[in-house]
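Tertiary structure, described
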Amino acid sequence: MTLSSLRLKKHADRRLKVGHLWLYSNEIDTDATPLKGLAPGTQMVVEAANGKAMGVAYVNPHSLICARLVSRDPKQRLDRSLLVHRLNQALALRQHLFAAPFYRLVHGEGDLLPGLVIDRFGDTLVVQLNTAGMQAVLPELLDALDKVLSPATVVLRNDTSGRRQEGLAPGVEVVKGEVADPVLLEENGVRFAAPVLDGQKTGWFYDHRANRAWLNQFVAGKRVLDLFSYVGGWGVQAAAHGACEVLCVDASAAALERVAENAALNGLHEQVAVGEGDAFEALAALKAEGEQFDVVILDPPAFIKKRKDIPAGERAYARLNREAMRLLGRDGLLLSASCSMHLAPEALMEVVRGAVRHQDRHGQVLFQGHQGADHPVHPAIPETSYLKALGVRVFRD
């Protein structure tokens, strides 16, 4: 079947020419190719204003990003064949990077599969379809996954905010096999059980793997505080690498139950304690009790979800870092992270600088981390680079 055309306004092809994959509704020549009436997920040939074909995109007229390019070949649509090819490309990278099958297999635009996220836990795949275009090719995607990996289990975690923006219904569904939830994984030599059906995102955050590995070098014999601990990715690893005491704090009782289970899974139940509550309240209570730590880990959820949230979000990060530093001894280590795409790396550095001076201390940035290589950044799409982590020595004269 021949695809219909989507005509761009004059000069609206500039971003595609430099490698970007997105088109906005105000870039479409709606007189030549009306968006009204198009079914979300429809694939179309993108044309420059002069009629030159630039590739194939899927369209959602109800979304701010109204089209996402899937191929620069105007004859190649997003079908089983292309999905198999892109999945094989993604798999080859991960197999080169990692010895064990625990990683992000597909990272959306970074793997030229916009709107698709897949995390791998051995023979279990957790899939997020964040756009109407990806939802429309679900049968072809499942066939392609069988062709490339033949997984025992496939879980659809279609409960993301991105789906709501695309007009898609949320839901969690096991579409192949059975899930023994939680599923097991290994990271940096430590075993974990991840709740893939009802945990955060896909159940685990592979993006901090390298940042955790860096911190693991410095925790032996230390007292560690892990705030926003979730299921213990940071804290349990710290205990496994020699920390004498770890306190994991999270607002979710269910997450803290997983922390305890993950500690026990590695024989670390005596080193790891948990505390339920709001992070800011926990910091105040620990300070009032005179507690001190050698290492404090801050890995909060995104305080800045939209550009308009930047001022309030930066204030929240600043307050969090200030209060955390109060719990460090005379010579301590702070791991400060942010997954807010709208918080620039230099802004996180400024947050840390301000917090250090507020406490009348000195700071030395020892490490600047980002998302792991299984979360590749598309060089033309700044939005695909989101994770930041700073390892900071905080000390007094």
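Look up: the structure comes first, before these words.
We now turn to the structure provided with this report. Keep in mind the model is a prediction, meaning the values are calculated, not measured. Per chain, the residues get numbers from 1 upward, laid out in the order the sequence is written. Side-chain atom pairs in this predicted model are given and counted only at pLDDT of 80 or more, local residue features only at pLDDT of at least 70, and totals for whole chains, interfaces and linings cover all residues. The side-chain figures draw on all heavy atoms in the structure; neither hydrogens nor water molecules are used.

Examining the sheet that holds strand β19 (residues 388-395)
Criterion used throughout: strands pair if DSSP finds at least two bridges between them. Only runs of H or I of at least four residues qualify as helices and only runs of E of at least two qualify as strands under DSSP, and these elements are numbered from the N terminus. Taking strand neighbours across the sheet as the criterion, the 7 strands line up as β15-β14-β13-β16-β17-β19-β18 in an open arrangement whose pairing is mixed. At either margin of the open sheet sits one strand with a lone partner, and together these are β15 (272-276) and β18 (362-370). If you compare each strand with its neighbour and ignore which way they point, the axes differ by 15 degrees on average. Pairing analysis gives 5 bridges linking strand β14 (residues 245-250) to β15, with the strands arranged parallel. Note on definitions: angles span 0 to 180 degrees between N-to-C directions of axes, and those axes are lines fitted to C-alpha atoms, for helices only across the stretch in contact.

Remarks on the pattern of salt bridges
For salt bridges, the criterion is a side-chain nitrogen of Lys or Arg within 4 Å of an Asp or Glu carboxyl oxygen. Enumeration over the complete set of coordinates arrives at 19 salt bridges. Among the salt bridges present, the one from R157 reaches D159, with a minimum N-O distance of 2.9 Å. Accessibility here uses a 1.4 Å probe with only protein chains present; expressed as a share of the type maximum, an area under 20% marks a residue as buried, one over 50% as exposed, and anything in between as partly exposed. You can call R157 buried: its relative accessible area is 3%. Taking the shortest distance from any N to any O, the salt bridge between R223 and E245 comes out at 3.2 Å. In this pair, R223 sits in strand β13 (residues 223-227) while E245 sits in strand β14, placing the two residues 22 residues apart along the sequence. Salt bridges here are not isolated pairs; linked through shared partners, they connect R68, E109 and E166.

What to know about the environment of L327
Tracing the backbone shows L327 in the loop between α10 (310-325) and β17 (328-338). Sequence separation between L327 and V70 is 257 residues; the distance between their C-alpha atoms is 49 Å. L327 has contacts with L225, L283, L286, K287, E291, Q292 and F293, leaving out every residue within four places of it along the chain. Contact definition: two residues touch when any of their heavy atoms are within 4.5 Å.

That is the geometry; function is a separate question.
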